[in-house]
Amino acid sequence: INFGLAMHYMLEMLEAFSLDAIENASHMMVNKYGFILDKSEVEDIVQRVKLLVSSQDFLSLVNGEVYKEQAIRYKKNLRYIDLLVKSDEDAAWNVIDYKSSLAYSEHHLKQVRHYNKAVSEITGEKVQGYICYLLEDEVKLVQV
């Protein structure tokens, strides 16, 4: 759990989705979570984020107006979307949910479907959802 929280925090602290932004975001992550993570876990998180910001598929999804940890209230529930992007390319909304493991993938699909429906009903606009798995050796994007 702490690994995932730390990874999400580092992603939230990225000033931009670029390799140049990693050092500062990793320092912030270590300041907040370093006391509960092993050095190897910190290195693993940083490596996963490097893979993410090097992924052209991911970068194509975040080309637009970016909202990190976006709160949405839908049907009396308050939820937080990891990354919500109003695409410059087609004016659609991209809902992106970060995961550090493929475990519980059915739950992940259900969660992103819920976000898609909520954003679609709130905005009245086209929505595309993605689960972004930041794995040890690859970034896997699953469209929902």
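Residues numbered from 1 in each chain as written. Predicted model: local features only at pLDDT ≥ 70, side-chain atom pairs only at ≥ 80, totals over all residues. Heavy atoms only, no water.

## A few points about the overall build of the protein chain
- Within the protein chain one finds 5 helices and 5 strands.
- The order of α-helices and β-strands along the protein chain, N terminus first, is α-α-α-α-β-β-β-α-β-β.
- Taking 15 Å as the expected radius of gyration for a compact globule of 144 residues, we find that the protein chain reaches 15 Å, a close match to that expectation.
- Dimensions of the protein chain, computed from the C-alpha atoms along their principal axes, are close to 45 × 30 × 25 Å.
- When contacts within the protein chain are restricted to residue pairs at least 6 apart in sequence, those whose partners lie at least 24 apart make up 57%.
- Total accessible area on the protein chain is roughly 8,100 Å²; 47% of this is exposed by carbon and sulfur atoms. (Helix = DSSP H or I, 4+ residues; strand = E, 2+ residues; numbered from the N terminus. Rg over C-alpha atoms; globule rule 2.2 N^0.38 Å. Contact = heavy atoms within 4.5 Å. Areas by Shrake-Rupley, 256 points an atom, 1.4 Å probe, with all protein chains shown as cover.)

## Comments concerning the layout of surface pockets
- In this model, the largest pocket occupies a volume close to 440 Å³.
- Surrounding the largest pocket, 20 residues form its lining, Gly 4, Leu 5, His 8, Tyr 98 and Lys 99 being those nearest its centre.
- Mapped by element, the contributors of at least two residues to the lining of the largest pocket are helix H1 (2–13), strand S2 (77–87), strand S3 (93–99) and helix H5 (105–123).
- Tallying contributions element by element places H1 first for the lining of the largest pocket, with 5 residues.
- Residues that form the lining of the largest pocket fall into these classes: 9 nonpolar, 6 polar and 5 charged. (1 Å grid on protein atoms, 1.4 Å probe; cavity = no way out; pocket = protein on both sides within 12 Å on 5 of 7 lines; lining within 4 Å. Points joined across faces, edges and corners; volume = space filled by probe spheres on them. Nonpolar A, V, L, I, M, F, W, Y, C, P; charged D, E, K, R; others polar.)

## Observations concerning the pairing of S2
- In this structure, strand S1 (residues 64–74) lies alongside S2, joined through 10 bridges in antiparallel fashion. Counted as the bridge partner of Arg 73 is Leu 78 from S2.
- In this antiparallel pair of consecutive strands, S1 and S2, the connection spans 2 residues, and Lys 75 shows a positive phi of 50°.
- Bridge count between S2 and S3: 4 bridges; the pairing is antiparallel. Paired with Val 85 across the bridge in S3 is Asn 94.
- Here S2 folds back onto S3, and the loop between the two strands holds 5 residues, one of which, Ala 91, carries a positive phi near 65°. (Pairing = 2+ DSSP bridges.)

## Focus: the pattern of salt bridges
- For the structure shown, the criterion picks out 3 salt bridges.
- Note that Arg 48 is salt-bridged to Asp 44, the shortest N-O span being 2.9 Å. Placement of the pair is Arg 48 and Asp 44 together in helix H3 (residues 39–53), with a separation of 4 residues, close to one helical turn. You'll find Arg 48 and Asp 44 in the same group, each marked buried. (Salt bridge = Lys/Arg side-chain N within 4 Å of Asp/Glu carboxyl O. Buried < 20%, exposed > 50% of the residue type's maximum accessible area, 1.4 Å probe, protein only.)

## Things to note about the nonpolar core
- Ranked by internal contacts, the top residues of the largest apolar core, which has 30 residues, are Leu 14, Met 29, Ile 45, Phe 58, Ile 96 and Tyr 98.
- Looking at this core, the elements that each hand over two or more residues are H1, helix H2 (22–33), H3, helix H4 (56–61), S2, S3 and strand S4 (127–134).
- Those residues within four positions of Tyr 98 in sequence are excluded, and the remaining contacts are His 8, Leu 11, Phe 17, Leu 52, Phe 58, Asp 82, Leu 83, Cys 132 and Leu 134.
- If you look at the next biggest cluster of nonpolar residues, it comprises 15 residues, including Ile 81, Trp 93, Val 127 and Tyr 133. (Core = buried A, V, L, I, M, F, W, Y, C linked by side-chain atoms within 4.5 Å.)

## Describing the packing of aromatic side chains
- Counting across every chain of the model gives 3 aromatic pairs.
- The ring of Phe 17 carries Lys 68 above its face, with NZ or CZ at 5.1 Å from the centroid. (Phe/Tyr/Trp six-rings, centres within 6.5 Å; stacked < 30°, edge-to-face > 60°. Lys NZ or Arg CZ within 6 Å of the ring centre and 35° of its normal.)

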